[in-house]
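Structural characterization, general
Listed here are the chains, written in short residue letters.
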Amino acid sequence: ATRLDDARAMIDAAASAGVKLMTAFPVRYSPPVQRAYERVRAGEIGTIYGANCTNRGQMPGGWFVEKERAGGGAVIDHTVHVVDLLRWMLQDEVVEVYAEIDNLLYPDLHIDDCGILSMRFASGVFATLDTSWSRPRVFPTWGDVTMEIVGRDGVLHVDAFRQVVEVASQTQGRYYWSGWGSDMDLGLIADFVRIIREDAPPPITGYDGLKAMEVALAAYRSAEEGQPIALPLAG
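Bear in mind the structure is a predicted one, so any value in this text is a computation, not a measurement.

**Quick word on the overall build of the protein chain**
The secondary structure content of the protein chain amounts to six helices and nine strands. The C-alpha atoms of the protein chain give a radius of gyration of 18 Å, which matches the 18 Å a tight globule of 235 residues would have. With the C-alpha coordinates aligned to their principal axes, the bounding extent of the protein chain is approximately 55 × 45 × 40 Å. Residues counted as buried form 47% of the 235 residues belonging to the protein chain. Considering only contacts in the protein chain between residues 6 or more positions apart, those separated by 24 or more positions represent 69%. A total of about 12,200 Å² of accessible surface is found on the protein chain, and carbon and sulfur atoms cover 52% of it. Distance from the positive charge centre (21 side chains) to the negative charge centre (32 side chains) of the protein chain: 4 Å.

**A few points about the pairing of strand 7 (residues 164-169)**
As paired elements, strand 7 and strand 8 (residues 174-179) share six bridges and run antiparallel to each other. Opposite Glu166, over in strand 8, you have Trp177 as the bridge partner. Hairpin connection between strand 7 and strand 8: a loop of four residues separates the two successive antiparallel strands, and Gly173 in this loop has a positive phi of roughly 70 degrees.

**Comments concerning helix 4 (residues 74-90)**
Between its terminal C-alpha atoms helix 4 stretches 24 Å, which fits the 24 Å expected from 17 residues at 1.5 Å a residue. At Val80, helix 4 shows its largest bend, some 30 degrees. Positioned one or two residues after helix 4, Gln91 has a phi angle of 50 degrees, which is positive.

**Focus: the pattern of salt bridges**
The final tally for this structure, using the stated rule, is 17 salt bridges. Across the pair Asp199 and Lys20 runs a salt bridge, and its minimum N-O distance is 2.9 Å. Remark: Lys20 occurs in the loop between helix 1 (4-17) and helix 2 (31-41) and Asp199 occurs in the loop between helix 5 (184-198) and helix 6 (206-225); sequence separation between them is 179 residues. A relative accessible area of 28% places Lys20 in the partly exposed class. Several salt bridges converge on common partners, so that one network encompasses Arg28, Asp84, Arg87, Glu93 and Asp208.

**With respect to the sheet that holds strand 2 (residues 94-102)**
One open sheet holds the seven strands; their spatial order is 6-5-1-4-3-2-9, and the pairing between them is mixed. Each of the sheet's edge strands pairs with one partner strand only, and the pair in question is strand 6 (154-159) and strand 9 (229-230). The pairing of strand 1 (residues 48-56) with strand 5 (residues 146-151) spans six bridges and is antiparallel. Across the sheet, the residue bridging to Ile48 is Gly151, located in strand 5. In this fold helix 4 packs onto strand 1, strand 2, strand 3 (114-121), strand 4 (126-132) and strand 5, with an angle of close to 150 degrees to the strand it touches most, strand 4.

**With respect to helix 6**
Its 20 residues place the ends of helix 6 28 Å apart at the C-alpha level, agreeing with the 28 Å of an ideal helix rising 1.5 Å per residue. With 15 of its 20 residues buried, helix 6 lies for the most part within the structure. The N-capping residue of helix 6, defined by a side-chain oxygen 3.3 Å from the backbone nitrogen of Tyr207, is Thr205. Immediately downstream of helix 6, the backbone of Gly226 shows phi near 70 degrees, a positive value.

**Thoughts on the pairing of strand 2**
Pairing geometry for strand 2 and strand 3, over eight bridges, is antiparallel. If you follow Tyr98 over to strand 3, its bridge partner there is Ser118.

**Details of the packing of helix 4 against helix 6**
The N-to-C vectors of helix 4 and helix 6 enclose an angle of 125 degrees; their axes lie 8 Å apart at closest approach. When the axis of helix 4 is compared with that of helix 6, the two are oblique. Seen along the crossing, helix 4 lies across helix 6 with a hand that is right-handed. Here Val75, Ile76, Thr79, Val80, Val83, Asp84 and Arg87 of helix 4 come into contact with helix 6, specifically with Tyr207, Asp208, Lys211, Ala212, Met213, Val215, Ala216, Leu217, Ala219 and Tyr220.

**Describing the side chain of Ser222**
Checked against the element boundaries, Ser222 lands in helix 6. Here Ser222 falls in the buried class, since its relative accessible area comes to 0%. Within the local environment of Ser222, its side chain forms a polar contact with the backbone oxygen of Gln227, the two atoms lying 2.8 Å apart. Setting aside residues no more than four positions away along its own chain, Ser222 makes contact with Val97, Tyr98, Ala99, Gln227, Pro228 and Ile229.

Conventions we followed
- Within each chain, residue numbers correspond to sequence positions counted from 1 in written order.
- With pLDDT at 70 or above as the cut-off, local features in this predicted model cover only qualifying residues; side-chain atom pairs require 80 or more to be listed or tallied, and sums for whole chains, interfaces and linings still use all residues.
- Side-chain metrics in this entry use all non-hydrogen atoms of the structure; hydrogen atoms and water are not considered.
- Working definition: helices are DSSP H or I runs of at least four residues, strands are E runs of at least two. Numbering for both runs from the N terminus.
- We compute the radius of gyration over the C-alpha atoms and compare it with the globule rule, which gives 2.2 Å times the number of residues raised to the power 0.38.
- Partly exposed describes any residue whose relative accessible area lies between the buried limit of under 20% and the exposed limit of over 50%, with all areas from a 1.4 Å probe on protein chains only and scaled to the type maximum.
- Only heavy atoms matter for contacts: two residues are in contact if any of them lie within 4.5 Å across the pair.
- In this description, accessible areas are obtained by the Shrake-Rupley approach with a 1.4 Å probe, and a residue is regarded as covered only by the protein chains that are shown.
- His is not counted here, nor are the chain ends, while Lys and Arg score as positive and Asp and Glu score as negative.
- Charge positions come from single atoms, namely NZ of Lys, CZ of Arg, CG of Asp or CD of Glu.
- Strands are labelled as partners when DSSP assigns at least two bridges between them.
- Take the residue count of a helix, subtract one, and multiply by 1.5 Å to get its expected span.
- Bending is quantified residue by residue as the angle between axes fitted to the seven-residue window ending at that residue and the seven-residue window starting at it.
- Within this document, salt bridges are pairs made up of a side-chain nitrogen of Lys or Arg and a carboxyl oxygen of Asp or Glu, the two lying within 4 Å of each other.
- Lines fitted to C-alpha atoms define the axes, with helix axes restricted to the stretch in contact, and inter-axis angles between N-to-C directions lie between 0 and 180 degrees.
- Polar contact criterion, stated in full: a pair of N or O atoms within 3.5 Å, where within protein one must be able to donate a hydrogen and the other to accept it, and residues adjacent in sequence count only if both atoms are side-chain atoms.
- The labels follow the angle: roughly parallel below 35 degrees, roughly antiparallel above 145, roughly perpendicular from 65 to 115, and oblique for the rest.
- We call a crossing left-handed when the near helix sits turned anticlockwise from the far one by less than a right angle, and right-handed when that turn is clockwise.

Put into structure tokens, the structure is as follows:
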């Protein structure tokens, strides 16, 4: 879904049919992210004050750069994953979004390829997000998801994609990262299979997907109007 009414229709259709609807947010299954979640929920760094986050990747091409199909560019592509992590960790909702969005890296595409979001949660926590397609093709990996979570008693630094070995290969003539860690996508799929077998509720619901998308849509509206946008969005 790229619109709120479409997301609601999907949620309602799944409920009416009695089937499982789970949103594909694989970053929840990154071990560093899961450890951070456990520590935040256990109160190890005290009251959370804010978070500084990134989700920067390579320009993916294909339908991702077709606005009618994707709903936008880098901002909708990369915002939803980090917003889901923040909602999950904080057990809180975004109530205001301010964003600066532009097309600076791939002007021929005529679609947003970079953006900065500032978000305020109901509890007063502030979060920022660098969401972009700023990683060049020669970068050693396709992207990143990082979080710096600031609490009263400490700071957590999370890097979801650093389970890698850095390789400088004379044979291949390049520098690259060789992954050795867990497969987030496999973790997501395994959990979906589990909820089917156990007839359990999905851990990541359609509503989670809707609320993450709502922040991205608010970011586009904020950039267009040049002012903060309150959530939930009307209609």
